[in-house]
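# Examination of the molecular architecture
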Amino acid sequence: MDSDLRDRQRPESTGAASSAEYDALVIGAGFAGLYMLYRLRGLGLSVRVLEAASGIGGTWYWNRYPGARCDVESMQYSYQFSDELQQEWEWTERYATQPEILRYANHVADRFDLRRDIELDTRVTVAAFDDTTSRWRIETEDGRRMSAKFCIMATGCLSSTNTPKFEGLERFAGAVYHTGRWPHEPVDFTGKRVGVIGTGSSAIQAIPVIAAQADHLYVFQRTPHYTVPARNAPLTRDVVQNIKANYAQLRNNAKQMFAGIDFHLNQQSALDASADERRREYEARWQHGGVTFMGSFTDLLFNKEANDTAAQFVRDKIRETVRDPAIAAALSPRYVIGCKRLCVDTDYYATYNRPNVTLVDLGGAPIEAITATGVKVGGKEYSVDSLVLATGFDAMTGALTRIDIRGTGGETLREKWSAGPRAYLGLMSAGFPNLFMITGPGSPSVLTNMLPSIEQHVEWITECLAHLNKHGIKQIEPALDAENAWIVHVNEVAGTNLRSTCSSWYVGANVPGKPRIFMPYIGGFPAYVQKCNEVVAAGYAGFTLS
Ligand code: NAP
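Residues numbered from 1 in each chain as written. Predicted model: local features only at pLDDT ≥ 70, side-chain atom pairs only at ≥ 80, totals over all residues. Heavy atoms only, no water.

Before going further, it helps to examine the pairing of strand E8 (residues 193-197). Judged by how many residues are buried, E8 sits mostly within the fold: four of five residues are covered. Note: E8 against strand E16 (residues 386-389), four bridges, orientation parallel. Counted as the bridge partner of Ile 197 is Leu 389 from E16. (Buried < 20%, exposed > 50% of the residue type's maximum accessible area, 1.4 Å probe, protein only. Helix = DSSP H or I, 4+ residues; strand = E, 2+ residues; numbered from the N terminus. Pairing = 2+ DSSP bridges.)

Structure representation (structure tokens):
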């Protein structure tokens, strides 16, 4: 890399905090930030990674709630950029627990000597583009300033927690936990009455574990979610060896799949199958476990009638599992399965057979109030000692709009995105030159296995920066018409998919006042990668280089 991209005053990579100038600043030290750092170093750039938390790992640093684990299989939810890494790391379970994934992230940081360029406990509050110097000025919560030619947001899609404004929450006398900000000290619910608010993926994992410990558990459900069994199990040596012997093949297969996950997608339409064939297919996938249930038939997310058959199968399972028919009915969703993200559980529905678990179905109504001693619903107060808010995230945009990001002419990203996020390929936004997003809105991101999606974005950005350097280009940003056309395309594709038809965090429905836009790109990982590659092959078509 020649001096064009590099700073005149290259700081030493010593870990010392500074008000220095860098070639690139990366915000966030989760899986995206770690790999971005590794790649930028490979280009010979001076890089600093700024991380708000006291440790690396991003979402896996924060989400320590009981039962937290990934619902993408561990052999696939891992980096593939280094064959040595994927060969040497030993996952122990089909679905890795949060502590194991966090150990993996730390192993990666050590193995590639990444820590010396990461500043922990450093929350970025401002990122402003200076039109005169063409540099990004960064300010941190503790008053430090730095600047860089490139600013890369590795801030995560599900990192900005959503705490609804429950009337009286501040008066609650007991402990309040958010699943996305779980304490580092062990939380013991023994002998306690616990209230869990929410029934999304986090709650569905936490509820069976908390129920086994607590004196009594009240689950406050606004909307039931569909969940399928994980069938988690230890990974056997044979399975691991087999995958490792053919890892490249598995990774390549995964890249051909819509979600970037290698699994068998049945190419048949649910409506072409007989009722018996459908039942056999759903049952086989239910017994196998995991999100690949949605691959039972090819049209489950495109045809409501087809979708109804899968939804009904799960409702039947709920009725078979939950002894009290009224509770089974309350737990049974009536909307499109897979519309809200499909959850994966261990013993979730069976937990409602326990005598110490009460489902409080809000029936779509709001929680009236939190009192000093409990939760008030429909005029009745449920006394609890501890409250668990499993209320999710200000997804996809929250981590970005919470930072005061200012582009050319002082325009803020918040203003620009006030009617919904606008970004070309989910990678860059017009008016914000040299600012990249990893798995930003408008990219497949949360609809895919995040690890390959992160790697694809990091590699695209790396190649882009190498291109700029090679050609002496100082600045890149999307052309407005290309960005607008991409957003039209993102919306058009969303309109063809049943996933856009319900209230979910995909459309921002969980955060009051957030514009309702289907934020991720639902055209699938292969189509998206092809588009990104075509853009590069055409000389960064749709971008303005100057
Ligand atoms: P979530 O899916 O957004 O669920 C939040 C829950 O809180 C929903 O049940 C929601 O009800 C409820 N809620 C929100 N505001 C409420 C209010 N004012 N009153 C009552 N209830 C309220 O959040 P999450 O469970 O944290 O999961 C978010 C995403 O993180 C997942 O979809 C997944 O992508 C990821 N995740 C993955 C895993 C995994 O890999 N296993 C685990 C956890 C999370 P409504 O449905 O009515 O809005």
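With that settled, the discussion passes to the site of the ligand. Lining the immediate environment of the ligand, one finds 25 residues, of which Thr 199, Ser 202, Gln 205, Thr 223 and Lys 340 sit closest. Here Ser 202 contributes a side-chain N or O atom positioned 2.6 Å from an oxygen atom of the ligand. At 2.4 Å from an oxygen atom of the ligand is found a side-chain nitrogen or oxygen belonging to Thr 223. In isolation the ligand exposes 910 Å². Once the protein is present, 90% of that is buried. No other element matches the three residues that helix H5 (residues 201-213) contributes to the shell around the ligand. Across the shell around the ligand, the residue classes break down as 10 nonpolar, 10 polar and five charged. (Near = heavy atom within 4 Å. Polar contact = N/O pair within 3.5 Å; in protein donor to acceptor, adjacent residues only side chain to side chain. Areas by Shrake-Rupley, 256 points an atom, 1.4 Å probe, with all protein chains shown as cover. Nonpolar A, V, L, I, M, F, W, Y, C, P; charged D, E, K, R; others polar.)

Taken as a whole and judged by the stated rule, the model has one disulfide. Note on Cys 464: no disulfide assigned, nearest cysteine sulfur contributed by Cys 532 at a separation of 11 Å. On the basis of relative accessible area, Cys 532 is assigned to the buried category, the value being 0%. (Disulfide = S-S within 2.5 Å.)

Here the focus is the sheet that holds strand E13 (residues 369-370). In spatial order, the strands read E13-E14-E15; together these three strands make up an open sheet with antiparallel pairing. Both outer strands of the open sheet, E13 and strand E15 (380-383), are each paired with one neighbouring strand and no more. Both E13 and strand E14 (residues 374-377) contribute to a ladder of two bridges, which runs antiparallel. Paired with Ala 369 across the two strands is Lys 376, which belongs to E14.

Mapped onto the secondary structure, Lys 192 falls in the loop between strand E7 (175-178) and E8. Here Lys 192 falls in the partly exposed class, since its relative accessible area comes to 32%. Considered as a pair, Lys 192 and Phe 293 are 101 residues apart in the sequence and their alpha carbons are 36 Å apart. The contact partners of Lys 192, leaving out residues within four places of it in the chain, are Ala 214, Asp 215, His 216, Asp 385 and Ser 386. (Contact = heavy atoms within 4.5 Å.)

Applying the stated criterion across every chain yields a total of 26 salt bridges. Between Glu 73 and Arg 94 there is a salt bridge, and its shortest N-O distance comes to 3.1 Å. One end of the pair, Glu 73, is in the loop between helix H2 (59-62) and helix H3 (83-88); the other, Arg 94, is in the loop between H3 and helix H4 (98-111), with 21 residues separating them in the sequence. Each of Arg 41, Arg 48, Asp 117, Glu 119, Asp 142 and Arg 144 takes part in a single network of salt bridges with overlapping partners. (Salt bridge = Lys/Arg side-chain N within 4 Å of Asp/Glu carboxyl O.)

A word on unusual backbone geometry. With a phi angle near 65 degrees, Asp 347 is a residue other than glycine that sits in the positive phi range. Residue position: Asp 347 is located in the loop between strand E11 (343-345) and helix H11 (348-351). Non-glycine residue Met 396 carries a positive phi angle of around 70 degrees. Position of Met 396 relative to the elements: it lies in the loop between E16 and helix H12 (398-401).

It is worth spelling out the pairing of E15 at this point. Where E14 and E15 come together, four bridges link them in antiparallel fashion. Pairing of Gly 374 across the sheet is with Ser 383, part of E15.

Our focus in this paragraph is the sheet that holds strand E9 (residues 216-221). Within the open sheet, the five strands sit side by side as E7-E16-E8-E9-E12. Their pairing is parallel. Bordering the open sheet on either side are E7 and strand E12 (357-361), each of which pairs with just one other strand. The sheet shows a mean angle of 20 degrees between the axes of neighbouring strands, taken without regard to direction. The pairing of E7 with E16 spans four bridges and is classified as parallel. Residue pairing across strands places His 178 opposite Leu 389, the latter belonging to E16. (Axes fitted to C-alpha atoms, helices over the stretch in contact; angles between N-to-C directions.)

At a minimum axis distance of 11 Å, the contact between helix H8 (residues 275-288) and helix H9 (residues 304-321) shows a crossing angle of 60 degrees. As the angle between them shows, H8 and H9 are arranged oblique. By crossing handedness, the relation of H8 to H9 is classed as right-handed. The residues of H9 that touch H8, namely those facing Arg 278, Arg 279, Tyr 282, Glu 283 and Trp 286, are Ala 306, Thr 309, Ala 310, Phe 313, Val 314 and Lys 317. Residue classes in the contact of H8 with H9 are distributed as six nonpolar, one polar and four charged. (Parallel < 35°, antiparallel > 145°, perpendicular 65-115°, else oblique. Left-handed = near helix turned anticlockwise from the far one by under 90°.)

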